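Spelled out, the chains give:
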Amino acid sequence: MKKYILILFIIFLCCGCGVKYNISIDEKLKIEEKVSVTESAEFYSEYEKSSVGRVVSIILAPYLDTLNDNNYTITNSITSTSGGVVISKNYNSIDDYVNNTIFKSQFTDDLNYSVDGNKVTIVADGNFSYAEQDQSRIPVDKASISIKLPFKVLEHNADEVDGDT
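Keep in mind the model is a prediction, meaning the values are calculated, not measured.

Reading the values: rules and limits
Along each chain, residues carry numbers from 1 onward, in the same order as the chain's sequence is written. It should be noted that, the model being predicted, local features are given only for residues of pLDDT at least 70 and side-chain atom pairs only at 80 or more, the latter also being counted only at that level, while totals for whole chains, interfaces and linings use all residues. Heavy atoms throughout the structure, all of them, feed into the side-chain values; hydrogens and water do not. Under the scheme used here, helices are H or I runs from DSSP no shorter than 4 residues and strands are E runs no shorter than 2 residues, and both carry numbers assigned from the N terminus. Under the scheme applied here, a residue whose accessible area is under 20% of the maximum for its type counts as buried, over 50% as exposed, and between as partly exposed, the area being computed with a 1.4 Å probe on protein chains only. Only strands joined by at least two bridges in the DSSP assignment are considered to pair. Axis lines are fitted through C-alpha atoms, for helices just across the contact stretch, and the angle between N-to-C directions can take any value from 0 to 180 degrees. The contact criterion used throughout is that any non-hydrogen atoms of two residues lie within 4.5 Å.

Colleague: Help me understand unusual backbone geometry, please; the structure alone is not making it clear to me.
Modeller: Trans is the prevailing form of peptide bonds, just as negative phi is the prevailing case for residues other than glycine. The residue leucine 29 is not glycine, and still its phi comes out positive at about 65 degrees. Here leucine 29 shows up in the loop between β1 (18–25) and β2 (31–40). Its identity is not glycine, yet asparagine 71 carries a phi of approximately 60 degrees, on the positive side. Summarising the element assignment, asparagine 71 is placed in the loop between α3 (52–69) and β3 (73–78). Given a relative accessible area of 59%, asparagine 71 falls into the exposed group.

Here it is as structure tokens:
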């Protein structure tokens, strides 16, 4: 059984996953962080002797201590087309987020911000990358990073803008 779990975990890490990383900033600069990590139903069909929930639990197990130690909430997200988890946490300020999120290293090398009166500047330096050999980052096939804001954006480098996101 242990050999089966190890093989499953290695296969998961080698194939990557889909991630939707969302942060919402409110008018008081409080932040809600949500990370949705999913695999397709096709991925789970390879494990016909195990349920999707069981496979998700096995894959998530190595990360549980870190997530729990950092007060993240973990919710299973299983549909007919995919399975995975939603990991979330609320922060009281941008400073709290920058200093305490464990996910920033996945998509940036450095995250800085400044507040000057009514002007808030957030700068994320570095690149989101998919590299199976990089043990500090989880292999990700497809990623979407969204930031929802309650105020006017003066400048951005987003691929796409949808209203306040």
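Colleague: What is the right way to look at the sheet that holds β3 in this model?
Modeller: Sheets are built from strands that pair by backbone hydrogen bonding, the pairs being arranged parallel or antiparallel. Read across the open sheet, the 5 strands follow the order β3-β4-β2-β1-β7; overall the sheet is mixed. Across the chains shown, the open sheet's two edge strands, defined by having one partner strand only, are β3 and β7 (142–148). For this sheet, the mean inter-axis angle between neighbouring strands, taken without regard to orientation, is 15 degrees. Pairing between β3 and strand β4 (residues 82–91): 6 bridges, direction antiparallel. Its bridge partner being in β4, serine 77 is matched across the sheet by glycine 84. Contacts between α3 and the sheet are confined to β3 and β4, with β3 contributing the most and set at about 165 degrees to the helix.

Function-wise, these values are silent; they only describe arrangement.
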